[in-house]
Every structure is written in structure tokens, then in C-alpha cells.
Amino acid sequence: MSVQRAVLDATLGIIAVEGPDLVSMREVARRARVSHQAPYHHFGDRSGIFAAVAAEGFSILASEFQEAISSGPGSARRCFEVYVGFALRHPAYFRVMFRSDLNGVKTHEATRVSADSAFGELMNLVEHTTGRPSDDHESFTWATLLWSTVHGLSTLLLDGPLQAKIPSGMTMDSVIRNVIDLMVGMVERQAELMGLAPHDIVPS
């Protein structure tokens, strides 16, 4: 394993259990079993490590989105599932990627490119599910709606009170499935009302 990989994995481990605010260069080096100077040498400073974590997370999410969109009809449902699944499987990435004070999107080019790639796949999803060009202004509104809804669900499941509120007899998986069913149905109905021609939404 490379030093860079060891440092990133140690950072992800800290974030997953203790949160990003408790990441320190010294503790990262200790857990990665590298010299105290190694994280500085490869990443510059703490912000450089966070930027690398965010870049890697956005890259993984973009790849999973791309696979979902290209796999045939029903990509909206699969992308919603991908997003929630990513948050629950990779909480450390998720907790850094969407914090503007940590993710390095404004200061690190590689991270900005990865973030733009993930957003580009979201716009591709909108094109597939509404039939509108991905550069259309209305498509941005659709993208914002879909993103904010699925991000809100993911955040409530990961760090919010939702899990504690699930009624007896329901599971987290069933809640996710039911909410995604409702989201897809709403998108279908709204697209129909607007006279749009979705490429690949399939009935629930």
C-alpha cells in the first residue's frame, strides 16, 4: 500500500467514527503508521487531505451514476438508490464532499473536476428522465429538486433523527424503497403534466 493510500484510509477511518473535525495530521500519521512528516509531504496540509478525500468520493459517485444511467430503463430509480447507498456505505466521504469549508472544491482543481463530473452525471440523469437537454435552464431546476430531495433523505438517514423515528414493523430498507418509489412517481407525473418525453422512466 502506498503512503498516500495509507494516509487517506486513516483519514477516512477517523471521519467515519469521530467526524472530520477531529482529523489532525499527527493522528492521521499515527494511524497510517507513517512518519509525522509524510502527510505533509504528500498532501501539503489538512485541507489537502480533505480535498483528496472529496475528489475520490466524487469520482466514485460519478462512476456509479454513470453505470446506473447507462444500464437501461429506470435510471432515475437506480440513481436515487445509488446516492442513498453511497451515503450509507461511505459516510466518511459523504461528510466531507458536501461541506464547502472542507471539500476543497474552490481551492483544489482535481476536486473541482471530480465534483463537476458528478454533477454532470446528475444533469445527464435529468436529460434521460425528462427528455430535456442537459444544458436547458429548466433542467437545472429539475436537477436541484432531485438532488436536494435525495440528499435530504441521505442526510436524515446518516446523521439525522430519521432512523430513530421509523415505526415498529418498518425497516430502514423499506423506508428508503417507499420514499424512492414516491419520488419516481412524482417525477413521472410532473413530466407528464409538462408534456415532457422521458427516455427511460419506467412505472413503479
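Coordinates for the structure precede this section.
Caption draft 1: Quick peek at the nonpolar core. The biggest cluster of nonpolar side chains holds 56 residues, and the ones touching the most others in it are Val28, Ile49, Val53, Leu61, Phe80, Val96 and Met97. Residue assignment for this core shows that the elements contributing at least two residues are helix H1 (3-18), helix H2 (25-32), helix H4 (46-70), helix H5 (75-89), helix H6 (91-97), helix H7 (109-130), helix H8 (137-158) and helix H10 (172-193). The element contributing the most residues to this core is H4, with ten residues. Aside from chain neighbours lying at most four places away, what touches Val53 is Leu8, Thr11, Leu12, Tyr93 and Val96.

Caption draft 2: Structural context of the packing of aromatic side chains. This structure, assessed with the given rule, holds nine aromatic pairs. Taken together, a centroid distance of 6.0 Å and an interplanar angle of 85° make the contact between Tyr83 and Phe94 edge-to-face. Here Tyr83, found in helix H5, pairs with Phe94, found in helix H6; they are eleven residues apart in sequence, far enough to count as distant. We classify Tyr83 as buried; its relative accessible area is 3%. Between Phe119 and Trp147, the ring centres sit 5.8 Å apart and the planes meet at 50°, which makes this aromatic pair tilted. With Phe119 in helix H7 and Trp147 in helix H8, the pair connects residues that are 28 residues apart, well separated along the chain. Judged by its relative accessible area of 26%, Phe119 falls in the partly exposed class. Of the residues examined, Trp147 reaches a relative accessible area of 33% and is grouped as partly exposed. Taken together, Phe58, Phe65, Tyr83, Phe94, Phe98, Phe119, Phe140 and Trp147 form an aromatic cluster joined through their ring pairs.

Caption draft 3: The environment of Glu67, seen in detail. Structurally, Glu67 can be placed in helix H4. When its relative accessible area of 58% is taken as the criterion, Glu67 is described as exposed. Spatially, the C-alpha atoms of Glu67 and Cys79 are 9.1 Å apart, while their sequence positions differ by twelve residues.

Rules used in this analysis
Residues numbered from 1 in each chain as written. Predicted model: local features only at pLDDT ≥ 70, side-chain atom pairs only at ≥ 80, totals over all residues. Heavy atoms only, no water. Core = buried A, V, L, I, M, F, W, Y, C linked by side-chain atoms within 4.5 Å. Buried < 20%, exposed > 50% of the residue type's maximum accessible area, 1.4 Å probe, protein only. Helix = DSSP H or I, 4+ residues; strand = E, 2+ residues; numbered from the N terminus. Contact = heavy atoms within 4.5 Å. Phe/Tyr/Trp six-rings, centres within 6.5 Å; stacked < 30°, edge-to-face > 60°.

The analysis is restricted to geometry; functional conclusions fall outside its scope.
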